[in-house]
Amino acid sequence: MFLDVDGCLLEHACAPHLARVPPQLPSRLLRLAEELDGALALVSGRSLQSLQALFPECAELCLSGMHGLERRSAHASLRAPAPPESMLELAGEAARFALDYPGACVEAHGPCLNLHWRAAPDAAVAMGAFADAALTRLPGYRQHRGAHGIEIRPDGMDKGRAIAELLALAPFRGRTPVFAGDDPADEPGFAMVNAHGGISVLVGARADSAARHRLDDPAQVRAWLGADAQDH
Ligand SMILES: [Mg+2]
């Protein structure tokens, strides 16, 4: 079982560091992982550090961070590649640039740079232009645009590949994959589980999704997982 975090397990917050984890969720994820003989992973665009901070109780859980660029796994951990020099410069420039747009937020972790404007919609155009200019200084990188942000990351890595790499490892190998996610960045993951005869679940509504099943929102996802016992 592969689960996206923001917009799937958790309601989207104005900025990633403001996301709230419902009290019943960590223990339910741990129990579910046990029921699945360990074959449960969070598959997120967040860094491992950020995922660990969100779920400090879940030290045993398999985590795939930054769309698979890094992984915490009992069987094969993976460290994110070092960022190029230009990424370090751009992260500083982006942080200064975002100060002009209160509510906008920049996350720089290793080789990835994420620009968020959920709480500052007027920043969308300028942040798009910033991303276009940034890419000219980041050979081998791509930008992935969503409704409320842009992710800039090394080309060739996505949640489909993240899931495929996990499916090659114990305890996932040979199992029927399930993946739930909400974002266009989750589409390669849906395609990958479909190709493996698995179950793809879109959270929310989107017309062009490859997912074959749908849940309305994170509350429904948590109910599906049995994590809503005392949740509202
Ligand atoms: Mg998501």
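Now for a quick tour of the structure. (Residues numbered from 1 in each chain as written. Predicted model: local features only at pLDDT ≥ 70, side-chain atom pairs only at ≥ 80, totals over all residues. Heavy atoms only, no water.)

### Concerning the overall build of the protein
No. 1: Scanning the protein from terminus to terminus reveals seven helices and eleven strands.
No. 2: Rg of the C-alpha trace for the protein: 17 Å, near the compact-globule value of 17 Å for 232 residues, within the 12% margin.
No. 3: A principal-axis box enclosing the C-alpha atoms of the protein has dimensions of 45 × 35 × 35 Å.
No. 4: Looking at the protein as a whole, 51% of its 232 residues qualify as buried.
No. 5: Each charge class in the protein can be summarised by its mean position, and for the 21 positive and 29 negative side chains these summaries are 3 Å apart. (Helix = DSSP H or I, 4+ residues; strand = E, 2+ residues; numbered from the N terminus. Rg over C-alpha atoms; globule rule 2.2 N^0.38 Å. Buried < 20%, exposed > 50% of the residue type's maximum accessible area, 1.4 Å probe, protein only. Lys, Arg positive; Asp, Glu negative; His and termini not counted. Charge placed at Lys NZ, Arg CZ, Asp CG, Glu CD.)

### Digging into the sheet that holds strand β6 (residues 112-116)
No. 1: The four strands lie next to each other as β5-β6-β8-β7, forming an open sheet whose pairing is antiparallel. The outermost strands of the open sheet, each flanked by one partner alone, are β5 (105-109) and β7 (141-145). For this sheet, the mean inter-axis angle between neighbouring strands, taken without regard to orientation, is 15 degrees.
No. 2: As paired elements, β6 and strand β8 (residues 149-154) share four bridges and run antiparallel to each other. Residue pairing in the sheet places N114 in a bridge with E151 of β8. (Pairing = 2+ DSSP bridges. Axes fitted to C-alpha atoms, helices over the stretch in contact; angles between N-to-C directions.)

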